[in-house]
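Architecture at a glance
Each chain, written out:
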Amino acid sequence: MSVKRAIKRYNRTIFALSAVYAVTLFAAIYVFNHRLVSGAVAVIVSMLPALPIIGMFAAIARYLIEESDEYIRMMEVRKTLVATGFALSIATIWGFMESFEVVGHVESFYIAVLWFGGLGVGSVVNRFFPPRAA
């Protein structure tokens, strides 16, 4: 697969999944605010906004597999590793502080938000700390 084709597919997929996320999130908020569901249906509706986010993770994985330029692929893998370390580090620190009642509770879905923010941190790392030749 050509480099341009892989990134175009990735961008289309992320855009579409972002739209699905917005629709499912607002729909779930509406449904729960108006108490329109309960029981098993409530469980299903509560999970709907998570599905496009999971799809975004899969789209990133597919892009990494399809990217034919080895340097670009390595930089993208590096970015995802930084994002993972960033999100897991903050979640771990917050979890301990929450356990010791130093801070309040934060919903766990924010870990994904941290991870996506960590992609930005990874981009900065890639920009200012390029890999050295072996």
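In this text the structure is predicted, and so the values were computed from the model without any measurement.

The next subject is the overall build of the protein chain. Secondary structure assignment for the protein chain yields 5 helices and 0 strands. By the compact-globule yardstick of 14 Å for 134 residues, the protein chain is too spread out, its C-alpha radius of gyration being 18 Å. Overall, the protein chain is about 60 × 40 × 20 Å in size when its C-alpha atoms are taken along their principal axes. For the protein chain, buried positions account for 22% of its 134 residues. Of all intrachain contacts in the protein chain linking residues separated by at least 6 positions in sequence, the fraction that spans at least 24 positions is 73%. Looking at the protein chain as shown, the accessible area adds up to about 9,400 Å², and 70% of this sits on carbon and sulfur atoms. Charged side chains of the protein chain number 12 positive and 8 negative; the gap between the two group centres comes to 11 Å.

Counting 13 residues, the largest nonpolar core has Tyr10, Ile14, Ile60, Trp115 and Leu119 as the members making the most contacts within it. Looking at this core, the elements that each hand over two or more residues are helix 1 (3-33), helix 3 (50-66), helix 4 (70-99) and helix 5 (110-128). With 5 residues, helix 3 is the largest single contributor of residues to this core. Ignoring any residue separated from it by four or fewer positions in sequence, one finds Ile14 in contact with Met56 and Ala59.

Right, let's talk about a nonpolar patch on the surface for a bit. A surface patch of nonpolar side chains, about 630 Å² in accessible area, is lined by Val43, Ile44, Met47, Leu48, Leu51, Ile54 and Phe57. For the nonpolar patch, the secondary structure elements donating two or more residues are helix 2 (39-47) and helix 3. Here Leu48 shows up in the loop between helix 2 and helix 3.

Packing of helix 4 against helix 5 leaves a shortest axis separation of 7 Å and a crossing angle of 130°. Considering the angle they form, helix 4 stands oblique to helix 5. Our pair here, helix 4 against helix 5, has a crossing hand that is right-handed. Every residue of helix 5 that contacts helix 4 at Met75, Arg78, Lys79, Thr80, Val82, Ala83, Thr84, Phe86, Ala87, Ile90 and Ala91 is listed here: Ile111, Leu114, Trp115, Gly117, Gly118, Leu119, Val121, Gly122, Ser123, Val125 and Asn126.

Cut-offs used in this document
Residues numbered from 1 in each chain as written. Predicted model: local features only at pLDDT ≥ 70, side-chain atom pairs only at ≥ 80, totals over all residues. Heavy atoms only, no water. Helix = DSSP H or I, 4+ residues; strand = E, 2+ residues; numbered from the N terminus. Rg over C-alpha atoms; globule rule 2.2 N^0.38 Å. Buried < 20%, exposed > 50% of the residue type's maximum accessible area, 1.4 Å probe, protein only. Contact = heavy atoms within 4.5 Å. Areas by Shrake-Rupley, 256 points an atom, 1.4 Å probe, with all protein chains shown as cover. Lys, Arg positive; Asp, Glu negative; His and termini not counted. Charge placed at Lys NZ, Arg CZ, Asp CG, Glu CD. Core = buried A, V, L, I, M, F, W, Y, C linked by side-chain atoms within 4.5 Å. Patch = residues over 30% accessible without salt bridge, like charges linked within 9 Å, V, L, I, M, F, W, Y side chains within 5 Å. Salt bridge = Lys/Arg side-chain N within 4 Å of Asp/Glu carboxyl O. Axes fitted to C-alpha atoms, helices over the stretch in contact; angles between N-to-C directions. Parallel < 35°, antiparallel > 145°, perpendicular 65-115°, else oblique. Left-handed = near helix turned anticlockwise from the far one by under 90°.

All quantities given are derived from atomic positions and should not be read as evidence of function.
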